[in-house]
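Below, each chain spelled out in residue letters.
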Amino acid sequence: MTLDAILFYVFAAAAVGSALVVVGQRHPTYSAFALIVTLCSLSAVFGLLGSPFIAVLQVVVYAGAIMVLFLFVLMLLSVKREEPPARGAWGVKATAIGLGAVLVAQVGSVLAASARVTPAAPGFNASTGHVARLLFSPAYLYVFEATSILILAALVGAVALAKREM
Amino acid sequence: MAFLAWFVSRLFSLDVMPFLALFLPLGGFIVLSLLEPGIRRDREERGAVLLACTTVFLSFLCLLWTALHMDEAARTLADFRVQWRLPPRASPYLPYQPSLPWLDWIDVSGVHVPFALLLDRLSSVMTLVVTGVGFLIHVYSIGYMAHDEDRVRYFSYLNLFTFFMLLLVMAGNLPVMFIGWEGVGLCSYLLIGFWYKKKSAADAGKKAFIVNRLGDAGLILGMIAAFYSFGTFDTFALTEGAGALQPEKWGEFGPMTVAALLLFVGACGKSAQIPLHVWLPDAMEGPTPVSALIHAATMVTAGVYMVARLGPLYAHSETAIAVVAIVGTVTALMAATIALVQTDIKRVLAYSTVSQLGYMFLACGVGAFGVGVFHLFTHAFFKALLFLGSGSVIHAMGGEQDMRKMGGLWRKIPWTFGTFVVGTLAIAGIPPLAGFFSKDAILGSALGEGHKILFAVGLLTAALTAFYMARLLFLTFFGPFRGGHEAEHHLHESPWVMLGPLVILAVGSIGAGFVPVPEMLAVVFRQPAEEGHHAAWLPMVATLVAILGIAGAYWLYLMLPDLAARLGARLRPIGRVLEEKYYFDRVYDAFASRVVVEGSRKVLWQGLDASLIDGAVNGIGSVTAGFARAVRVAQTGLVRAYALLILGGAVTVLGYLLWAR
Amino acid sequence: MSAGADLTTPALLLSAGLFAIGVVGVFLRRNVITVFMCVELMLNAVNLAFIAFSRWRGTLDGQVLVFFVLTVAAAEAAVGLAIIIAAQRNRDTLDVDSFNLLKW
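Residues numbered from 1 in each chain as written. Chains lettered and ligands numbered in written order. Predicted model: local features only at pLDDT ≥ 70, side-chain atom pairs only at ≥ 80, totals over all residues. Heavy atoms only, no water.

K.L.:
Even after reading the chapter, I still don't get the overall build of chain B, so can you show me in this structure?
P.N.:
On a plain count of helices and strands, chain B comes out with 27 helices and 2 strands. Once local pairs closer than 6 in sequence are excluded, the contacts in chain B between residues at least 24 apart make up 80%. Entry remark: accessible area of chain B is about 28,800 Å², with carbon and sulfur atoms responsible for 69%. (Helix = DSSP H or I, 4+ residues; strand = E, 2+ residues; numbered from the N terminus. Contact = heavy atoms within 4.5 Å. Areas by Shrake-Rupley, 256 points an atom, 1.4 Å probe, with all protein chains shown as cover.)

Next up, the structure:
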């Protein structure tokens, strides 16, 4: 077992564990924190998989901005501890868990099967420069500019939706 | 000018005259119905009434002309056959059968029913009776219904009835006859229930129609059976076809027997024979002229006419003709016994009609169809006379019909009394009045064909007939007046509008016996014209029996009235049975109310309709609703549920893509 | 820093597992913000899958796609939270089951 593998399994366990906390925790704020832990663990996994740029981006954007936004909203709305689920909703839950399991099986089988067929390709360099070069190439340039407009739209939309009537 | 000549020649032809006679009363009905709402003044009303009488009179004249010219046409047709060297007909009987060429009623594959008439001596006799007596009754009604508000409606119905009755007796095939058959039933209902605001009248109308309908079921089946066996509805063709087949023995239910029996069921309904006789006495709720016309002279004789018209069919079926004779005889006797205890003057006459109709069927039943029609002919005269006379009595009594409240009227209403006596003697069978000849002929035929029991019963019934008719005469016209002072002051003779027809009918009752009807009609029934020789002692015995009956009534009701009361008390049980009309009405009522009504309510309404059919329809509704309720889960509005469905869908698609291919 | 090739399969399985947890969480939680967070969890699982495949195939397209997913997730989070705030102001509750007007 190489160091990478060990580290991978450690961070994977952390991710799964905090994901379960996210799902199982009653208080939304604690769920948010757990999700931050998950994100950071995933960031580490990204790094272990040879993608430093994305790893940093994950921490900065996801954990740093999006989750902060979540926490802002949680604080704004002063969410309380969540009530226990309504009676009779166990049908929905059971169905959901069942279907979730099936989904895992399906997705997992697809993913695992594909990777087993051929081994990983060598010579993989995902440094910032290389990614940036691909990002600004004609293949993805339009999409890149479009996302900026998307963010503008989101900005305007969020303001319009959430403001109070004057 | 030439056109006028052509028009007249076309008019006075056997193709047009019968139809003219037929449709004149119908026109009267239509005109009167249309005018009726608009009539306000007396003068207008009188005009309408006069119109109604005129149409019937004109119809009578047309039919008279037709009757006189009919033999010519038959001869012409026979010459025609000779000229063209066509084979002569098997029988010398050749009716004239005009039809409306542009009015084929039914014309589908295999079934062809034209709107055809059949004119021969039998139809002549019938149509002349219908229009002749009918006209007299129209005239009588002018006086009888003078104070009634709905006169115009009454006369329109009378005209309509005349049309249907003429159609019935002139019809050339069974379906057309059936139109007339149903039509007279309808008019009977309308006229019996004429005073519809009176519940008993409305009920009587319904009863008549419904009982008739039962008979009609048999009639329709009989028509179908006849068509099935012979391939035609045409009455002439049916009789010819029957003549060609082998006669069917007793107990053999061949095609002729079946058809004849079923048709006879219809005749029982229309002619009030046992067990379908129950409507006729109740029908007395209608105005008296109606009783005279419909329930004495014409409509009830339709059954007899039908049997006579299909005479050869019955003659060739031993079973059917025996049934006719037996039913007729039994009916005659039973009705006569019931008439003995009736207290309503019209009821006595009603049961008397039933009894006399039984005589007619007895005659037909022993093969003497001509004699049966002869009795029909004479009966029309004296029964109409008796009914109209009773109407005159009722008119004088201010509406009272109970004989126990009458008495000694011969001084107050002499003309009515005189004609009534004539009618009574006629029906009792005293020579030389009409009833004697026809009744004697019936008894003679029965004896001559060897039916001793039928003859004996017939003779007994004749005695009873004389007895109860004399009883009616004595109770009504003789003895002390039992009606109270007010009624006594009201007694007055009827106007000449009413007395005139009475006198004419009285003359007819005397003279009708001398018309040689059986000889005239023998050719229609394919029978030899000379009758078998009757026993010479028969007329004397019959007359003796009649005199005995009258004497008995005189003795019991005039000489020793308390003896009658004592006898009545002793014979109470028998009296009960007779008063209850042999319990026919009770049995029918029990059947109708218990079985039909209760059965309908319990089984058909609640069981079948409410539970089954409604249940099925509601069930479909509730199944759909339940299904909708189940599916509605998908539309709860719960976001979670929707998300679940999305997940489920995704899983399903993935599963299909991964594992099913 | 390329490591052993056999990290791909475990990474993919991890991705599947995280995705499933996210799915279950969407149905199990009542607070709408928590549901949203589970959706983010699902997105992250997808990101992980992209990265793993990118490494396995040796191309950088996966990285770029993750970049875009990240961006879109940010925009989506902003707008989604704004909607949630507006909805809460309307209904005064953050219970998922109370937003049940999506029916006729």
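K.L.:
Help me out: how do you make sense of the overall build of chain C in this one?
P.N.:
When helices and strands are tallied, chain C shows 3 helices and 0 strands. Across chain C, helices and strands are ordered from the amino to the carboxyl terminus as α-α-α. Counting all 104 residues of chain C, 63% fall into the buried class. Long-range contacts, defined as pairs at least 24 residues apart, comprise 58% of the intrachain contacts of chain C with a sequence gap of at least 6. (Buried < 20%, exposed > 50% of the residue type's maximum accessible area, 1.4 Å probe, protein only.)

K.L.:
I would appreciate a short explanation of the nonpolar core in the present structure.
P.N.:
Counting 176 residues, the largest nonpolar core has B:Leu122, B:Phe264, B:Trp279, B:Met306, B:Tyr314 and B:Leu409 as its most contacted members. For this core, the leading source of residues is helix 16 (residues 369-396) of chain B, giving 16 residues. B:Trp279 has contacts with B:Ser188, B:Lys207, B:Ala208, B:Val211, B:Asn212, B:Gly269, B:Lys270, B:Ala272, B:His295, B:Met299 and B:Val300, leaving out every residue within four places of it along the chain. In terms of nonpolar packing, the next biggest core, distinct from the first, is built from 75 residues, A:Phe53, A:Ala55, C:Ala52 and C:Ile85 among them. (Core = buried A, V, L, I, M, F, W, Y, C linked by side-chain atoms within 4.5 Å.)

K.L.:
Sorry, what's going on with the interface of chain A and chain C here?
P.N.:
Where the parts come together, the accessible area they lose is often given as the size of the interface. Listed as interface residues are 83 residues of chain A and, on the opposing side, 70 residues of chain C. Surface buried jointly by chain A and chain C totals about 6,900 Å² across both partners, of which 79% is contributed by carbon and sulfur atoms. Per-residue buried area on chain A facing chain C is highest for A:Leu49, A:Phe70 and A:Phe124; these three make up 10% of the total on that side. Counting the contacts that link chain A with chain C gives 0 salt bridges. Put simply, the parts of the chain that give the side of chain A that touches chain C at least two residues each are helix 1 (3-24), helix 2 (28-48), helix 3 (52-77), helix 4 (90-117), helix 5 (128-135) and helix 6 (141-162) of chain A. When residues of the side of chain A that touches chain C are assigned to their parent elements, the largest contribution, 14 residues, is made by helix 3 of chain A. A class-by-class count of the residues in the side of chain A that touches chain C yields 61 nonpolar, 15 polar and 7 charged. (Buried area = accessible area lost by both parts, 1.4 Å probe. Salt bridge = Lys/Arg side-chain N within 4 Å of Asp/Glu carboxyl O. Nonpolar A, V, L, I, M, F, W, Y, C, P; charged D, E, K, R; others polar.)

K.L.:
It is not clear to me how the pattern of salt bridges should be interpreted in this structure. Could you clarify?
P.N.:
As a working rule, side chains carrying opposite charge can pair if their charged atoms are close by. Residue and element names in this part refer to chain B. Inspection of every chain in the model, using the stated rule, returns 10 salt bridges over all chains. The closest approach of N and O atoms between Asp 282 and Lys 207, which form a salt bridge, is 3.2 Å. Of this pair, Asp 282 sits in helix 10 (residues 279-282) while Lys 207 sits in helix 7 (residues 199-230), placing them 75 residues apart in sequence. Given the relative accessible area of 18%, Asp 282 is considered buried. Linking Arg 213 and Asp 216 is a salt bridge whose minimum nitrogen-to-oxygen distance equals 3.4 Å. Pair noted here: Arg 213 and Asp 216 are both in helix 7, with a separation of 3 residues, about one helical turn. By sharing partners, the salt bridges in this structure join Glu 182, Arg 213 and Asp 216 into a single network.

K.L.:
Honestly, helix 21 (residues 496-511) of chain B in this entry has me stumped. Any pointers?
P.N.:
Residues that lie three or four places apart on an α-helix share one face, since the helix turns once every 3.6 residues. All names here are of chain B. Its 16 residues give helix 21 an end-to-end C-alpha distance of 22 Å, which sits within 8% of 22 Å, the value for a rise of 1.5 Å per residue. Every buried residue of helix 21 is accounted for by Met 498, Leu 499, Pro 501, Leu 502, Leu 505, Ala 506, Gly 508 and Ser 509. The secondary structure elements touched by the buried residues of helix 21 are helix 4 (121-144), helix 16, helix 17 (414-428) and helix 18 (434-448). (Expected span 1.5 Å × (residues − 1).)

K.L.:
Please explain the packing of helix 2 of chain A against helix 2 (residues 32-57) of chain C as it appears in this structure.
P.N.:
Two quantities define a packed helix pair, namely the angle between the helix axes and the distance between the axes. Viewed as axis vectors pointing N to C, helix 2 of chain A and helix 2 of chain C meet at an angle of 5°, and their least axial separation amounts to 11 Å. Viewed along their axes, helix 2 of chain A and helix 2 of chain C adopt a mutual orientation that is roughly parallel. On helix 2 of chain C, the residues that touch A:Pro28, A:Ser31, A:Ala32, A:Leu35, A:Thr38, A:Leu39, A:Leu42, A:Val45 and A:Phe46 of helix 2 of chain A are C:Thr34, C:Met37, C:Glu40, C:Leu41, C:Asn44, C:Asn47, C:Leu48 and C:Ile51. Taken together, the residues that form the contact of helix 2 of chain A with helix 2 of chain C break down as 11 nonpolar, 5 polar and 1 charged. (Axes fitted to C-alpha atoms, helices over the stretch in contact; angles between N-to-C directions. Parallel < 35°, antiparallel > 145°, perpendicular 65-115°, else oblique.)

K.L.:
Just checking my understanding: could you explain unusual backbone geometry for this structure?
P.N.:
Outside of glycine, negative phi angles account for most residues, and trans bonds account for most peptide bonds. All names here are of chain B. Of note, the amide linkage connecting Ile 274 to Pro 275 takes the cis form, showing an omega dihedral of -5°. Among the secondary structure elements, Pro 275 is positioned in the loop between helix 9 (255-270) and helix 10. Omega for the peptide link from Pro 431 to Pro 432 comes to -5°, which places this bond in the cis form. Summarising the element assignment, Pro 432 is placed in the loop between helix 17 and helix 18.

K.L.:
Sorry if this is basic, but what is going on with the side chain of B:Thr378 here?
P.N.:
For B:Thr378, the location among the structural elements is in helix 16. Contact partners of B:Thr378, with chain neighbours within four places excluded, come to B:Ala434, B:Ser438, B:Ala512 and B:Gly513.

K.L.:
So what exactly am I meant to see when it comes to a nonpolar patch on the surface here?
P.N.:
A surface patch of nonpolar side chains, about 820 Å² in accessible area, is lined by B:Met1, B:Phe3, B:Leu4, B:Trp6, B:Phe7, B:Val8 and B:Phe12. Relative to the elements of secondary structure, B:Trp6 occurs in helix 1 (residues 2-11). (Patch = residues over 30% accessible without salt bridge, like charges linked within 9 Å, V, L, I, M, F, W, Y side chains within 5 Å.)

K.L.:
Honestly, the packing of aromatic side chains in this entry has me stumped. Any pointers?
P.N.:
Ring pairs (aromatic) are described by centroid distance and by the angle formed between their planes. Here the structure, examined in full by the defined rule, presents 28 aromatic pairs over all chains. Both rings, one in A:Phe144 and one in C:Phe67, keep their centres 5.9 Å apart while their planes meet at 20°; by these two values the pair is stacked. Taken together, the positions of A:Phe144 in helix 6 and C:Phe67 in helix 3 (residues 61-91) put the pair across two chains. An aromatic cluster of at least three residues, connected via ring pairs, comprises B:Trp410, B:Phe417, B:Phe420, B:Phe474, B:Phe477, B:Phe478 and B:Tyr554. (Phe/Tyr/Trp six-rings, centres within 6.5 Å; stacked < 30°, edge-to-face > 60°.)

K.L.:
Hey, could you run me through the confidence of the model for chain B in this one?
P.N.:
Parts of the model with low pLDDT should not have their predicted coordinates read in detail. In this model, chain B carries an average pLDDT of 82, and 89% of its residues clear a pLDDT of 70 or more. When mean pLDDT is taken per element in chain B, helix 5 (residues 151-170) of chain B scores highest with 92 and helix 24 (residues 561-570) of chain B scores lowest with 67. (pLDDT = per-residue confidence, 0-100.)

K.L.:
Teacher, can you tell me more about the side chain of B:Ser317 here?
P.N.:
If you trace the backbone, B:Ser317 turns up in the loop between helix 13 (311-315) and helix 14 (318-339). Polar contacts involving the side chain of B:Ser317 include one to the side chain of B:Thr257, which spans 2.9 Å. (Polar contact = N/O pair within 3.5 Å; in protein donor to acceptor, adjacent residues only side chain to side chain.)

K.L.:
Looking at this structure, how should I read the packing of helix 4 of chain B against helix 21 of chain B?
P.N.:
All names here are of chain B. The contact between helix 4 and helix 21 brings their axes to 7 Å, and the two run at 150°. Taken together, helix 4 and helix 21 sit at an angle that is classed as roughly antiparallel. Every pair of crossing elements has a handedness; the one defined by helix 4 and helix 21 is left-handed. Facing helix 4, whose interface residues are Leu 136, Val 139, Tyr 140, Ile 142, Gly 143 and Tyr 144, helix 21 presents Val 497, Met 498, Pro 501, Ile 504 and Leu 505. Looking at the contact of helix 4 with helix 21 residue by residue, the class counts come to 10 nonpolar, 1 polar and no charged. (Left-handed = near helix turned anticlockwise from the far one by under 90°.)

K.L.:
Quick question: what am I supposed to make of the environment of B:Leu261 here?
P.N.:
Its location among the elements puts B:Leu261 in helix 9. Through-space distance from the C-alpha of B:Leu261 to that of B:Val324 is 8.4 Å; in sequence the pair is 63 residues apart.

K.L.:
Before we go on, may I ask you to explain the confidence of the model for chain C in this structure?
P.N.:
Of all residues in chain C, 91% attain a pLDDT of 70 or more, and the chain-wide mean is 85. Reported confidence for the predicted complex is 0.88 by ipTM and 0.68 by pTM.

K.L.:
I keep staring at helix 19 (residues 452-477) of chain B and nothing clicks. Help me out?
P.N.:
All names here are of chain B. Relative to the 38 Å expected for 26 residues at 1.5 Å per residue, helix 19 spans 37 Å between its end C-alpha atoms, a close match to the ideal helical length. The element helix 19 is largely enclosed, with a buried count of 20 among its 26 residues. The first or second residue beyond helix 19 is Gly 479, which carries a positive phi of 75°.

K.L.:
Teacher, can you tell me more about the environment of B:Gly218 here?
P.N.:
All names here are of chain B. You can see Gly 218 is positioned in helix 7. Given a relative accessible area of 6%, Gly 218 falls into the buried group. Considering only alpha carbons, one finds Gly 218 and Gly 266, 48 residues apart in sequence, at a separation of 5.3 Å. Those residues in contact with Gly 218 that lie beyond four places of it in its chain are Leu 262, Leu 263 and Val 265.

K.L.:
I'm lost on the environment of B:Val545 in this one. Help?
P.N.:
In this fold, B:Val545 is placed in helix 23 (residues 538-559). Ignoring anything within four residues of it in the chain, the contact list for B:Val545 reads B:Leu459, B:Ala462 and B:Ala463.

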